[in-house]
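Architecture at a glance
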Amino acid sequence: MTGYEGDGAEVEDPDDWYEPEDAPERGAGPERTDGGAGAERTFAALPPARGRGFAQTWWGRAWLTALEGTALDDRQLKAGRRLARAGAVGAVSVRPGRITAVVQDRDRTAHRADVLLQELSDGQWDRFLDMAVERAGHVAALLDREMPPHLVEDAELAGVELLPGLGDLEPECGCGAWDHCAHTAALCYQMARLLDHDPFVLLLMRGRGERALLEDLQSRGGPPAAPGKRPRPEGVDAAEAFATGGIRPALPGVPPLPAEPGVPPSLDTDEPPAAGVDPSALEFLAARTAVRAHRLLAEALREGHERRPAAPEPTVVRDDAVRLAAGEPPRAVTARLADGSGRGREGLAVAVRAWHRGGAAALAVLDEEWTVDAEALARARAALESAWADSDEAERPVLRARANRWTLDGGRVQLRLGRDGRWWPYRKERGRWVPAGDAARDPATALAAADPEARAEPGAEPGAEPGAEPGAEPGADAAVGRPRGT
C-alpha cells in the first residue's frame, strides 16, 4: 500500500504498481498542445510518478489540500494516488471551468473523469488584471512559471480567489460515483504535477488562457505579451519569504549507496610532518573511517534496518585498537596498536581473529571469564544434555566447567558460553586459547568446529584447566564428568 504525507511526499509499494494497457509513450514532463485561441490546452499523459511526490510547489500542495480536505472516503484517495502513480491517467484536457482525462482502472476499464472549478466573473478578472498591472513583478513571476504567495494574497485583497478552497473541486465520473472516486482523485493528483510546471493552467481553469491574459495585460499598459528574459530584482521579496517560511518542501529521495568507500587524500607531501604526527597512521584512520561509514550507510538502507538490534561497538581503547587492527594497517601501525592496547603482538593477532568471528561480542568472549548465574547455568546444562541425548555414554564428551568455560578432557578444545547464550568454540594453539569457529546455539555444533578429535598438549594432564600449572586444583565451580553432569 502507498504511504502518503499531506505535503505530497510518497513512498511507493511495488505491489501496487502496474502498467496501464496500451499506455502511450511518455516523456519527462507535460507535452503541451495549444489551441489557437488558447481556450483549451491538452497535456500528453505524464510518465508514472514512481518514487516521487505529486506536488513539489506550494500552489500544487494547495490544490491537493482542496481535494483531500473534502473527500469523504480516504480509500478512494489512496486508490486514486495509486492510479496516478502507475501512469493510469491519460492525456489531460484543460479548459475554462473543467479538466478532463480518461483513467484506466486496475481492471483495465476506462472511465472519463472530469473535475470542475468555478470560473472567475468578468468583474473579478478586471480586478485581477488591474492589480497585476500595478505590480509588474506578478506577471514576471507567472512568465517564469511561478506563483509567489504575495500574488495570491494581493488577488485575495482584490476579491479574487485564484486557488481552489475546500469543496471547490467538483467531481464528475463515468463510473457513477457522486463524490470523488479513484478516477477523479487520480486526475487531481496528476493535475498537481501539471500545476508544478505551469501555474497558467490554473488561470485557464479560472477562465483565461495564457495568450488572452497577456493580451489583456498589454492592452492595459502592462508588460509585453512575448515571454522572454526579464531582469529580476536581486534578493528575495520579504513578503514572499515570510509567506513561504512555514512551507516544508518534499523530502529528497534517498541517495544511492556508493559502490565502494571513498578514498581519503594522500598525506604524502614534501613538507615534513609536525612532531608526534604519523602520516601513515592518519591515512589508515581516514581510510577505516570511510569503510565504516560505508558499512553503516549500507545497513541503514537495508530493508528492515529499524527492526534489527544495533551491533555493539567497542567502548574502551583496548578493544577499539582491535577493531582498527582488523583493518590490516601498515606494520608500524600494527606495532603501535599492539603496544597501546597492552595485548602484545601475539595477543593482538588472537584478538583480531576473534573480532573477525563476531566483532565486539566475540572479543568479549575472548577476554571475559565470568561466573554463570544459576538460571543461565541450568540452561547451559540443559543444552549440553540435549546436544548428546542420542549418543552412547562412551561417545559423550567429558567436559570440565570453570566459570563460563567448558573444557574437553585432554585440554585442547574448549566451549565458551557468551552472555547471549551462544557457544563459542576455542582451540589451544602454542599454549594460547584461540577462536576456532563461529558461535552456535547448539554446543555440539560449536564443539565440532573446534575439532573434537584434538589430542592433549604434551605435558598437559587430562582434566587440567588450560593455563593452570600441572597438578593444580580446578576452580571451586569446576565439575568433572559427562555434559549431563556439568
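It should be noted that the structure appears before, not after, this text.
As the structure is a computational prediction, the values presented were derived from the model and not from experiment.

What follows concerns the side chain of Asp-154. Topologically, Asp-154 is positioned in helix H5 (residues 149–157). If we ignore the near neighbours within four places in the chain, the residues touching Asp-154 are Met-131, Arg-135 and His-138.

What follows deals with the sheet that holds strand E9 (residues 399–402). Read from one edge to the other, the open sheet built from five strands follows the order E9-E10-E11-E12-E13, with strand pairing classed as antiparallel. Across the chains shown, the open sheet's two edge strands, defined by having one partner strand only, are E9 and strand E13 (432–435). Averaged over all neighbouring strand pairs, the angle between strand axes comes to 30°, with direction disregarded. Note that strand E11 (residues 413–417) and strand E12 (residues 423–429) share five bridges and pair antiparallel. Bridge pairing in E12 places Leu-417 opposite Trp-423. Strand contacts of helix H13 (residues 344–367): strand E10 (405–408), E11, E12 and E13, with the helix running at about 50° to E13, the strand carrying the most contacts.

This structure, assessed with the given rule, holds three aromatic pairs. An angle of 85° between the planes, with centres 6.3 Å apart, marks the rings of Trp-58 and Trp-59 as edge-to-face. Taking relative accessible area as the criterion, Trp-59 reaches 7% and is therefore assigned buried. Between Trp-406 and Trp-423 the ring centres are 5.3 Å apart and the planes differ by 70°, which places this aromatic pair in the edge-to-face class. One end of the pair, Trp-406, is in strand E10; the other, Trp-423, is in strand E12, and 17 residues separate them in sequence. With respect to burial, Trp-406 and Trp-423 carry one shared label: buried. Taking the ring centre of Trp-370 as reference, the NZ or CZ of Arg-419 above it sits at 4.5 Å.

On to the pattern of salt bridges, then. Under the definition given, this model contains 19 salt bridges. Asp-320 is the partner of Arg-323 in a salt bridge, and the nearest nitrogen-oxygen pair spans 2.7 Å. Residue Arg-323 and its partner Asp-320 are both found in helix H11 (residues 317–325); the two are separated by three residues, about one turn of the helix. Linking Asp-420 and Arg-422 is a salt bridge whose minimum nitrogen-to-oxygen distance equals 2.7 Å. For Asp-420, a relative accessible area of 38% puts it in the partly exposed group.

Now for unusual backbone geometry. Positioned with a positive phi, Arg-108 is a non-glycine residue whose angle comes to about 75°. Within the element layout of this structure, Arg-108 appears in the loop between strand E6 (98–104) and strand E7 (110–116). Residue classification places Arg-108 among the partly exposed residues on the basis of a relative accessible area of 36%. A positive phi angle is found at Arg-430, which is not glycine, with a value near 50°. Among the structural elements, Arg-430 can be located in the loop between E12 and E13. Judged by relative accessible area, which is 82%, Arg-430 ranks as exposed.

Taken together, the side chains of Glu-153, Glu-156, Glu-161, Asp-168 and Glu-170 present a region of like negative charge at the surface. Residue position: Glu-170 is located in strand E8 (residues 170–173). Glu-170 gets classed as partly exposed once you look at its relative accessible area, which sits at 47%.

It is worth spelling out H11 at this point. Ala-321, Val-322, Arg-323, Leu-324 and Ala-325 are the residues of H11 that are buried. The inward-facing, buried residues of H11 abut helix H10 (279–301), helix H12 (331–341) and H13.

Here we take up the pairing of E6. Counting buried positions over the seven residues of E6 gives five, a clear majority of the element. The pairing of strand E5 (residues 92–95) with E6 spans three bridges and is antiparallel. Pairing of Val-94 across the sheet is with Ile-99, part of E6. What sits between E5 and E6 in their antiparallel hairpin is a turn of two residues, with Gly-97 showing a positive phi close to 80°. Bridge count between E6 and E7: seven bridges; the pairing is antiparallel. Within the sheet, the bridge partner assigned to Thr-100 lies in E7 and is Asp-114. Once E6 ends, the chain turns through five residues before running back antiparallel as E7, passing Arg-108 with a positive phi of about 75°.

The rules behind each value
- Residues numbered from 1 in each chain as written.
- Predicted model: local features only at pLDDT ≥ 70, side-chain atom pairs only at ≥ 80, totals over all residues.
- Heavy atoms only, no water.
- Helix = DSSP H or I, 4+ residues; strand = E, 2+ residues; numbered from the N terminus.
- Contact = heavy atoms within 4.5 Å.
- Pairing = 2+ DSSP bridges.
- Axes fitted to C-alpha atoms, helices over the stretch in contact; angles between N-to-C directions.
- Phe/Tyr/Trp six-rings, centres within 6.5 Å; stacked < 30°, edge-to-face > 60°.
- Buried < 20%, exposed > 50% of the residue type's maximum accessible area, 1.4 Å probe, protein only.
- Lys NZ or Arg CZ within 6 Å of the ring centre and 35° of its normal.
- Salt bridge = Lys/Arg side-chain N within 4 Å of Asp/Glu carboxyl O.
- Patch = residues over 30% accessible without salt bridge, like charges linked within 9 Å, V, L, I, M, F, W, Y side chains within 5 Å.
- Areas by Shrake-Rupley, 256 points an atom, 1.4 Å probe, with all protein chains shown as cover.
- Lys, Arg positive; Asp, Glu negative; His and termini not counted.
- Charge placed at Lys NZ, Arg CZ, Asp CG, Glu CD.

So, to be careful, I would describe these as geometric facts and stop short of saying anything about function.
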